[in-house]
Amino acid sequence: MPILPPPPIAPVERNNAAIAPGLIVVYLPFATPAKIEQLLQPSKHQYFAVYHADLSHCNGVVCNACLELSSEVLQLGCKLLVRPVHG
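Residues numbered from 1 in each chain as written. Predicted model: local features only at pLDDT ≥ 70, side-chain atom pairs only at ≥ 80, totals over all residues. Heavy atoms only, no water.

Asks: Explain the pairing of strand S4 (residues 79-83) to me, please; I cannot follow it from the model alone.
Replies: Remark: a regular strand shows side chains that alternate across the two faces of the sheet. With 5 bridges connecting them, strand S3 (residues 60-64) and S4 associate as parallel partners. Each residue of the ladder has a partner; that of Cys63, found in S4, is Val82. For the handedness criterion, the β-α-β arrangement of S3, helix H2 (residues 67-75) and S4 is classed as right-handed. (Pairing = 2+ DSSP bridges. Helix = DSSP H or I, 4+ residues; strand = E, 2+ residues; numbered from the N terminus. Right-handed = clockwise from strand over helix to strand, strands pointing away.)

Asks: Honestly, the confidence of the model for the chain in this entry has me stumped. Any pointers?
Replies: Should the pLDDT be low somewhere, the predicted coordinates at that spot are not to be read in detail. In the predicted model, the chain carries a mean pLDDT of 77, and 75% of its residues have values of at least 70. H2 is the least confidently modelled element of the chain, averaging 80 in pLDDT, while S4 averages 87, the highest of any element. (pLDDT = per-residue confidence, 0-100.)

Asks: Please explain H2 as it appears in this structure.
Replies: Here H2 has its buried residues at Leu69, Ser70 and Val73. Seen end-on, H2 carries its buried residues on one side only, within an arc spanning 100 degrees. For H2, the exposed residues set more than 90 degrees away from the buried face come down to Leu67 and Glu68. Against the buried residues of H2 lie strand S1 (23-27), S3 and S4. Phi turns positive, to about 80 degrees, at Gly77, one or two residues after H2. (Buried < 20%, exposed > 50% of the residue type's maximum accessible area, 1.4 Å probe, protein only. Arc of directions from axis to C-beta. Contact = heavy atoms within 4.5 Å.)

Have a look at this one:
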């Protein structure tokens, strides 16, 4: 039994923007461009926007495991794939 109830999550409007079904935003600020290219290279049929800040049009996000961006992505209802950060 939880001690505290879960916090309410306010719905977020996406500015009535059309979602690009194949667009995945990649936000990995601590990775070098070569590492990012190596990570994404096997996915030849996917469209990636690297370091793109506008999340309102994306279908998913790849990022380092951090609370702020992950929370924003989940609140927008996007797919989320996180990469653990060593340390």
